[in-house]
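An overview of the molecular structure
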Amino acid sequence: PAQAARIADELPADLTFASASSGCTAVGQQVTCELGAIPAGESRTRSITADIPASLVYDAGAPVTVENTATVSNTAGNDPDNTNDSDTEPTLIVAEADVSIDGVTANGPLEVLIGEPADVTANVEVSNAGPSSPIDAVLSRTSSASAGLTVTPADSTHAVTRLEIGSPQTVDDDYQLTCTSPGVKTVTLDYELALKNAEDTDPDLSDNTASASFDVDCVVPI
């Protein structure tokens with residue numbers, strides 16, 4: 001048997017030690033796990049958990065590859081082959097952020113004169129529940145309206161930059177309503193929030209969309 005086996009694990013510089021299996025201790029980036037005696041033909045496994053800074057990927061501008069190195073030694077005897085005592089494994093870290101649309105305020109004017117466009121602004125509140133923070137996102141809108149009423153522009157996109165945990169942002173979406181025939185018309189605005197970078201992941205897409213509708217009375221000017 002190996003009477004006193006030991007694992008020395010060098011955590012990547014960007015990560016911080018969080019926890020480990022019993023018998024493991026950490027000093028800075030170095031984690032040491034005392035395994036005790038290991039009979040021939042048997043094995044031991046130890047788990048080490050490290051924390052990733054919430055802004056690691058955002059600050060780097062792209063996914064980050066970190067490398068973790070672990071080395072095993074027999075501290076109370078010889079090792080006839082130490083060429084297999086160390087292993088380095090790379091891990092690709094991508095941003096993960098649960099962004100959401102928390103509310104839409106889109107109340108249009110009660111009346112719009114035919115032939116006279118009305119300026120309207122919808123307010124969309126968005127937030128980031130993490131764990132990555134900050135994160136960049138894109139808010140997009142599509143719109144529809146009853147015949148005789150047009151929304152200009154029909155579609156729009158807005159950049160949402162540095163969306164941080166605990167700091168919701170309100171996006172102002174400006175557009176115009178133009179009536180071409182009289183009567184009460186309905187406007188529907190559909191919003192979708194997505195992460196800007198394709199490599200980033202959103203664990204919950206169920207809260208990324210929202211819609212708002214309102215009625216407008218198109219009036220013939222006198």
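In short, a report on the structure.

Definitions and cut-offs
- Residues numbered from 1 in each chain as written.
- Predicted model: local features only at pLDDT ≥ 70, side-chain atom pairs only at ≥ 80, totals over all residues.
- Heavy atoms only, no water.
- Salt bridge = Lys/Arg side-chain N within 4 Å of Asp/Glu carboxyl O.
- Helix = DSSP H or I, 4+ residues; strand = E, 2+ residues; numbered from the N terminus.
- Buried < 20%, exposed > 50% of the residue type's maximum accessible area, 1.4 Å probe, protein only.
- Disulfide = S-S within 2.5 Å.
- Pairing = 2+ DSSP bridges.
- Axes fitted to C-alpha atoms, helices over the stretch in contact; angles between N-to-C directions.

1. Some points on the pattern of salt bridges
With the rule as written, the count across this model stands at 4 salt bridges. Residue Glu34 pairs with Arg6 through a salt bridge whose shortest N-O separation is 2.8 Å. Of this pair, Glu34 sits in strand β4 (residues 30-38) while Arg6 sits in strand β1 (residues 2-10), placing them 28 residues apart in sequence. Note on Glu34: relative accessible area 40%, which makes it partly exposed. Overall, the relative accessible area of 32% leaves Arg6 in the partly exposed class. The salt bridge partner of Glu42 is Arg44, with a shortest N-O separation of 3.5 Å. Taking relative accessible area as the criterion, Glu42 reaches 47% and is therefore assigned partly exposed.

2. Some points on the state of the cysteines
Throughout the structure, instances matching the rule amount to 2 disulfides. Here Cys24 pairs with Cys33 through a disulfide, and the sulfurs are 2.0 Å apart. Measuring handedness by torsion sign, the sulfur bridge of Cys24 and Cys33 sits at about 110° and is right-handed. What makes Cys24 buried here is its relative accessible area of 13%. In this structure Cys33 comes out as buried when scored by relative accessible area, which is 1%. Paired through a disulfide, Cys179 and Cys218 show a sulfur-sulfur distance of 2.0 Å.

3. Quick word on the pairing of strand β15 (residues 183-195)
Where strand β11 (residues 135-145) and β15 come together, 9 bridges link them in antiparallel fashion. By the bridge assignment for β15, Ala137 is matched with Leu195. Relative to strand β16 (residues 209-219), β15 is paired through 10 bridges, and the arrangement is antiparallel. Counterpart to Thr188 in the pairing with β16 is Ser213.

4. Notes on unusual backbone geometry
The residue after Gly130, namely Pro131, is reached through a cis peptide bond having omega 10°. Between Thr152 and Pro153 the backbone carries a cis peptide bond, its omega angle lying at -5°. Looking at the element boundaries, Pro153 is found in the loop between β12 (149-152) and β13 (155-163). One non-glycine residue, Arg162, adopts positive backbone phi at about 50°. Position of Arg162 relative to the elements: it lies in strand β13.

5. Examining the sheet that holds strand β10 (residues 118-131)
Judged by pairing direction, the sheet is antiparallel, and its 4 strands sit side by side in the order β8-β10-β14-β12 without closing on themselves. With partners counted over all chains shown, the strands left at the sheet margins are β8 (97-105) and β12, one partner each. Strand-to-strand twist in this sheet, taken as the mean axis angle between neighbours without regard to direction, amounts to 30°. Note that β10 and strand β14 (residues 169-179) share 9 bridges and pair antiparallel. Within β14, the position partnered with Ala122 by the bridge is Asp173.

Honestly, it's all geometry; don't read function into it.
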